[in-house]
Amino acid sequence: MPPLLKGVFYLLALSLLAHPVGQALPRRWFSGDRWPWAPAPFEKEGRFWRKLGVHRWKDKVPDMSRLLGDMVKKQLAPDGKTDYALLVQETCVAECVHFCLGLLSLGAFALCRSGWMVCIVAVYILLGNLPFQIIQRYNRPRLLRLMRKARKAK
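Residues numbered from 1 in each chain as written. Predicted model: local features only at pLDDT ≥ 70, side-chain atom pairs only at ≥ 80, totals over all residues. Heavy atoms only, no water.

Draft legend 1. The pattern of salt bridges, seen in detail. For the structure shown, the criterion picks out six salt bridges. For arginine 137, the salt bridge is made with glutamate 95, and the minimal N-O distance between the two is 3.3 Å. On the criterion of sequence distance, the pair formed by arginine 137 in helix 7 (residues 115-153) and glutamate 95 in helix 5 (residues 84-105) is long-range, its members being 42 residues apart. Residue arginine 137 is classed as buried on the basis of its relative accessible area of 10%. Of the charged contacts, one joins arginine 140 and glutamate 95 as a salt bridge, the two residues approaching to 2.7 Å between their closest N and O atoms. Taken together, the residues span a long stretch of sequence, with arginine 140 in helix 7 and glutamate 95 in helix 5 at a distance of 45 residues. For arginine 140, a relative accessible area of 1% gives the class buried. (Salt bridge = Lys/Arg side-chain N within 4 Å of Asp/Glu carboxyl O. Helix = DSSP H or I, 4+ residues; strand = E, 2+ residues; numbered from the N terminus. Buried < 20%, exposed > 50% of the residue type's maximum accessible area, 1.4 Å probe, protein only.)

Draft legend 2. Seen up close, helix 1 (residues 3-24). An ideal rise of 1.5 Å per residue puts 32 Å on 22 residues; helix 1 measures up with 32 Å between its terminal C-alpha atoms. The largest bend along helix 1 measures about 30° and falls at alanine 18, with the proline proline 20 one to four residues further on. Regarding helix 1, the residues found buried are Gly7, Leu11, Leu14, Ala18 and Gly22. Contacts from the buried residues of helix 1 go to helix 5, helix 6 (107-111) and helix 7. (Expected span 1.5 Å × (residues − 1). Bend = angle between axes of the 7 residues up to and from the residue. Contact = heavy atoms within 4.5 Å.)

Draft legend 3. Just the packing of aromatic side chains, in detail. Summed over the entire model, instances satisfying the criterion amount to four aromatic pairs. Residues phenylalanine 30 and tryptophan 37 carry aromatic rings whose centres are separated by 5.6 Å and whose planes lie at 45° to one another, so their mutual orientation is tilted. With respect to burial, phenylalanine 30 and tryptophan 37 carry one shared label: buried. Plain terms: the ring middles of phenylalanine 48 and tryptophan 49 are 4.8 Å apart, the flat faces sit at 80° to each other, and that makes the pair edge-to-face. (Phe/Tyr/Trp six-rings, centres within 6.5 Å; stacked < 30°, edge-to-face > 60°.)

Draft legend 4. Layout of the layout of surface pockets. Quantified by volume, the largest pocket comes out at close to 1100 Å³. Of all the elements, helix 7 adds the most residues to the lining of the largest pocket, at 11 residues. Residues that form the lining of the largest pocket fall into these classes: 18 nonpolar, 12 polar and nine charged. Space inside the second largest pocket adds up to approximately 180 Å³. In terms of lining residues, the second largest pocket is bounded by Leu14, Leu17, Ala18, Val21, Leu25, Cys96, Val97, Cys100, Leu101 and Leu104. With five residues, helix 5 is the single largest residue contributor to the lining of the second largest pocket. (1 Å grid on protein atoms, 1.4 Å probe; cavity = no way out; pocket = protein on both sides within 12 Å on 5 of 7 lines; lining within 4 Å. Points joined across faces, edges and corners; volume = space filled by probe spheres on them. Nonpolar A, V, L, I, M, F, W, Y, C, P; charged D, E, K, R; others polar.)

Draft legend 5. Region of interest: the environment of proline 3. With respect to the helices and strands, the residue proline 3 is situated in helix 1. For the pair proline 3 and alanine 110, spaced 107 residues apart in sequence, the C-alpha separation works out to 9.1 Å.

Draft legend 6. Expanded view of the packing of helix 1 against helix 5. As a packed pair, helix 1 and helix 5 sit with axes 10 Å apart at the nearest point and diverge in direction by 155°. Viewed along their axes, helix 1 and helix 5 adopt a mutual orientation that is roughly antiparallel. Between helix 1 and helix 5 the crossing geometry is right-handed. Contact residues: Tyr10, Leu11, Leu14, Ser15, Ala18 and Gly22 in helix 1; Val93, Val97, Leu101, Leu104 and Ser105 in helix 5. In terms of residue class, the contact of helix 1 with helix 5 is built from eight nonpolar, three polar and no charged. (Axes fitted to C-alpha atoms, helices over the stretch in contact; angles between N-to-C directions. Parallel < 35°, antiparallel > 145°, perpendicular 65-115°, else oblique. Left-handed = near helix turned anticlockwise from the far one by under 90°.)

Now the structure itself:
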């Protein structure tokens, strides 16, 4: 089998496994106010990402929760009954899955033999995971603020 095809099959297998693995992860492992999910000081509660323009393009990338019915929808309820804690947790899970996908995708480098195939894999890793991790980092502080506000209102 040609190296490119091996790399494509490897990345395809990872992509297909990511959803069921992400759904199976125990949610108790994820808390938006604990490391590594808590906003880092440099993020300035999401303002860092806003300055980079994330708010302009974040809704233009694919969202698997719109396609797969077993995923938590990543939107606020219009009736004001949003479960912010659940959404915060789901941003942590999504960030974790995309981080792990990025790391595991590095294995495709071992399957590729030429420079241009390595470039394709590198672009896939960056464009297929990094923007989604950034979106989670951008959204989480806002959701945490809304969650705290909703708890105070009770």
